[in-house]
Structures are given as C-alpha cells and as structure tokens.
Amino acid sequence: QVQLVESGGGLVQAGGSLRLSCAASGNIFSINYMGWYCQAPGKQRELVAGISSGGSTNYADSVKGRFTISRDNAKNTVYLQMNSLKPEDTAVYYCYTIVAHAYSSGNYQYWGQGTQVTVSS
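Now for a look at the structure at hand. (Residues numbered from 1 in each chain as written. Predicted model: local features only at pLDDT ≥ 70, side-chain atom pairs only at ≥ 80, totals over all residues. Heavy atoms only, no water.)

This paragraph deals with the side chain of D89. Secondary-structure assignment places D89 in the loop between strand 8 (77-82) and strand 9 (91-100). We classify D89 as buried; its relative accessible area is 6%. Of note is the side chain of D89, whose polar atom sits 2.7 Å from the backbone nitrogen of K86. What D89 contacts, discounting residues up to four positions off in sequence, is R66, F67, S84, V117 and V119. (Helix = DSSP H or I, 4+ residues; strand = E, 2+ residues; numbered from the N terminus. Buried < 20%, exposed > 50% of the residue type's maximum accessible area, 1.4 Å probe, protein only. Polar contact = N/O pair within 3.5 Å; in protein donor to acceptor, adjacent residues only side chain to side chain. Contact = heavy atoms within 4.5 Å.)

Moving on, we come to the sheet that holds strand 3 (residues 18-26). The strand order across the open sheet formed by 4 strands is 1-3-8-7, and the pairing between neighbours is antiparallel. Because the sheet does not close on itself, it has two edges, and the strands there are strand 1 (2-7) and strand 7 (67-72). On average, each strand axis in the sheet is inclined to that of its neighbour by 15°, with strand direction left out of account. Pairing analysis gives 6 bridges linking strand 3 to strand 8, with the strands arranged antiparallel. In the sheet register, A23 faces strand 8, and the bridge partner there is T77. (Pairing = 2+ DSSP bridges. Axes fitted to C-alpha atoms, helices over the stretch in contact; angles between N-to-C directions.)

Spelled out as structure tokens, the structure:
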C-alpha cells in the first residue's frame, strides 16, 4: 500500500499563489508518474498537471503558463506551484501516482484524499 499526504491548499484572492505538496510513502519500489487532478462541484475530475519519472511534464491548457509541477525523487514528493490564480481554479485538488511495488509486478494507482483550493474574486 501507498499513502499520499497532501498539503498546501487554502483560501486565496484572485491573482494570488499557492503551493501544493504531496508526499508518497509505503511500499514503493519506484514512482513512474505523479500528478494533480482537480474536481469542482458538479464537474468531473480532470488532469491539472503531471510529471513522469524522467521529468517530462504535461499540463491542462487552462493552467499552462500559470502552474508549474515539479518533483523531488529523493523525497517521493510532487509539488504544484499555482500562480495567477483565478476563481475558476476553485476545486478540490487530488494527488495521483503510479508506482511499482517491491516484490510485485505491475504498476498500481493511488489517490490522495484531496485538498481544497478556493480562489475568491
């Protein structure tokens, strides 16, 4: 099993910044992918940004140029720096990871419990 602990959400005014963190722990042989998804009320969960083990990144069009994803492999931690926040960024943000376990084949997906980000106008 893998645990994902998220932090950094909160309330911020439009134009402000927040930094989300997600630390993975548990039975981890390697982390193949880490990312952030968001889910606003009444909407489906959608990808915000992701980063591969090699450092390749992908972003939703709506956050390109404003959000930056990064990871610290030594700490099994992924970060999401969110700048120029807009009210439409308001959502619960979920950390997501794909890992390989020690002594086991295959890749496994895990989700964090989510952290609320609220951007006021």
